[in-house]
Amino acid sequence: MRVILASSEVVPFAKTGGLADVAGVLPRELEKLGHEVSVFLPAYQSIDRIQHDIKATNVAFEIQIGDRLVAGKLLETVLPDSQVKVFLVEQPGYFNREDFYGQSGEDFSDNCERFTFFCRAVLESLIQMDTAPDLIHTNDWQTGLIPVFLKTDYNHHSCFKTTRTLITIHNLAYQGLFDYEKMAVAGLPAEYFNWQQVEFHGKMNLLKTGIVFADMINTVSPTYAKEIREPEQGCGLEGVLQERADQLTGILNGIDVADWNPAIDPFIEENFSADFDVRVGSSGKLACKQALQKETNLKQELETPLIGIVGRLASQKGWSLILPVMRHFLENTNVQWVVLGTGDPSYHHQLESLQQRYPDKLGLNLGFSNEFAHRVEAGSDMFLMPSQYEPCGLNQMYSMAYGTVPIVRRTGGLADTVVNATHETCEYGTANGFSFDEFSEEALRSAIKSALQMYSQHRLIWNQLMQAGMKRDWSWRRSAKQYEELYQRTIAR
Ligand code: ADP
């Protein structure tokens, strides 16, 4: 298959979230499966041209944006350790800015112009390079216009005669909303501004446009694919998603197993693997726990359970539940906590005041540190992630790969990755964590209690839980095979 993946973020060039991982890792895995995949992203100024060996091409274009003609050029390089071509759309006026989408908490006012330009530049480049793709894989609202352009302006172009489109939704909460006047910027016929196509409560909605016009739709976990068809998590798009339910599926993201592997991780105290005697436990993991206790000034007690949290301090992650429940456990039990995260200042303050009260039970790092994230995953016994919603979630997969038993709310990707420990699942050997349904303090408290009880009273079963998580394949290879299959189904439509 010849596939083009278009994305506003791609690791290692530009990243703010999981979208970048999908766009940077999936093409390499698909290449290993024998497919020809190229990637397009904007040439942001923050991308180091020398470090990434980015070169000019002879492709240049002029694109109609409203009543202006805007010129741009195409640059190229490859994804590291692969032959996957990466094309960068250069337009200094649009992409030479400090950030990708906005400044000081405000979106750039010309985001519709910027990403219209990007979408059209992808198609113009393909025509100039005489590339006829079998499939264009678009991602989120930023590339949501490509499917409609292929069905309008580029409908009859010989390059795209058999081209199909897929849109992946990474987070439904971000939709790319613009005033009606921007229809002219996008160059869409005015009659498309209706509730069944581009319009959403009086605005243009680029994600909705992508969902309506793409041949196939997917999101980053099977459970999230179901949840977004209901009002609670549908962000107003549940109707259109329900309408297209037959073309909507979910594929879990993978984790980068070269980066997140306790057997070779350079950032942790001692390397360890799933290959330990469940009657004895993992001495390597214990060494990591001791080192983490030391690093965060907690009491050096190996038998005391240690709960880790890594992630954005945002309401999505369930902080309204975590804080009161953590306070309860700090007051009443001998449980240690380590938190790594940044975000909402009110959560920062509350965590700081808890830490001042319980300095030997709560270790706190209110910053961003990839290396420390590795040490928290390696040194904790349990990992807490009671998210309100979670399209996929990576941290619970990292923790399971590191033998750290997750305690999660059963939503989105958390529901698809964590198997709650019950008599049955423990007997079958499928249990790998603890999960609960209701978004309430009581439900969270009770799940933590169950985990603590098993940790202190049934260590053998606990160790089996650890091993089940460590042995499961969380790699991108698994996800890439599912994308391959989805691409094939899309092309066959
Ligand atoms: P989301 O994309 O919603 O933030 P995920 O669990 O999917 O949540 O991914 C979060 C990613 O960001 C993980 O790789 C996690 O380790 C990382 N991360 C989040 N906060 C921090 C932090 N403060 N320091 C280091 N890494 C962090």
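Everything discussed here concerns the structure shown above.
Quick look at the structure, then. (Residues numbered from 1 in each chain as written. Predicted model: local features only at pLDDT ≥ 70, side-chain atom pairs only at ≥ 80, totals over all residues. Heavy atoms only, no water.)

Looking now at the sheet that holds strand β15 (residues 306-310). The 6 strands lie next to each other as β17-β16-β15-β18-β19-β20, forming an open sheet whose pairing is parallel. Either end of the sheet is taken by a strand with one partner, and the two such strands are β17 (362-365) and β20 (434-436). In this sheet, adjacent strand axes meet at a mean angle of 15° when their direction is disregarded. Bridge count between β15 and strand β18 (residues 382-385): 2 bridges; the pairing is parallel. Bridging across to β18, glycine 308 finds its partner in phenylalanine 383. Sheet contacts for helix α11 (residues 319-332): β15, β16 (336-340), β17 and β18; angle to β16, the most-contacted strand, approximately 150°. Of the strands in this sheet, β16 and β17 are in contact with helix α12 (residues 345-357), which crosses β17 at around 140°. (Pairing = 2+ DSSP bridges. Helix = DSSP H or I, 4+ residues; strand = E, 2+ residues; numbered from the N terminus. Axes fitted to C-alpha atoms, helices over the stretch in contact; angles between N-to-C directions. Contact = heavy atoms within 4.5 Å.)

Once that is clear, we can look at the site of the ligand. Around the ligand sit 16 residues, and of these Arg312, Lys317, Gly367, Ser369 and Leu394 come closest. Lysine 317 has a polar side-chain atom sitting 2.8 Å from an oxygen atom of the ligand. Glycine 367 has a polar backbone atom sitting 2.8 Å from a nitrogen atom of the ligand. Look at the ligand: alone it shows 560 Å² of surface, and the protein chains cover 85% of it. Listed by contribution, the elements that provide at least two residues to the shell around the ligand are α13 (370-379) and α14 (395-401). The residue inventory of the shell around the ligand, partitioned by class, reads 6 nonpolar, 7 polar and 3 charged. (Near = heavy atom within 4 Å. Polar contact = N/O pair within 3.5 Å; in protein donor to acceptor, adjacent residues only side chain to side chain. Areas by Shrake-Rupley, 256 points an atom, 1.4 Å probe, with all protein chains shown as cover. Nonpolar A, V, L, I, M, F, W, Y, C, P; charged D, E, K, R; others polar.)

Going through the model one piece at a time under the given rule, you end up with 22 aromatic pairs. On the basis of an interplanar angle of 85° and a centroid distance of 5.9 Å, the ring pair of tyrosine 44 and phenylalanine 95 is categorised as edge-to-face. Residue tyrosine 44 is found in the loop between β2 (36-42) and β3 (55-65), and its partner phenylalanine 95 is found in helix α2 (residues 92-95); the two are separated by 51 residues along the sequence. Taking relative accessible area as the criterion, phenylalanine 95 reaches 0% and is therefore assigned buried. The structure contains a cluster of three or more aromatic residues connected by ring pairs, namely Tyr44, Phe61, Tyr94, Phe95, Phe100, Tyr101, Phe115, Phe117, Trp141 and Phe178. Just above the ring of phenylalanine 149 sits the side chain of arginine 120; from NZ or CZ to the centre is 3.9 Å. Looking at arginine 459, its charged tip hangs above the ring of tyrosine 455, at a distance of 4.0 Å from the centre. (Phe/Tyr/Trp six-rings, centres within 6.5 Å; stacked < 30°, edge-to-face > 60°. Buried < 20%, exposed > 50% of the residue type's maximum accessible area, 1.4 Å probe, protein only. Lys NZ or Arg CZ within 6 Å of the ring centre and 35° of its normal.)

In the structure shown here, the tally under the stated rule is 21 salt bridges. A salt bridge links arginine 2 to glutamate 36; the nearest nitrogen and oxygen atoms lie 3.3 Å apart. Of this pair, arginine 2 sits in strand β1 (residues 2-6) while glutamate 36 is found in strand β2, placing the two residues 34 residues apart along the sequence. Residue class for arginine 2 comes out partly exposed when judged on its relative accessible area of 28%. (Salt bridge = Lys/Arg side-chain N within 4 Å of Asp/Glu carboxyl O.)

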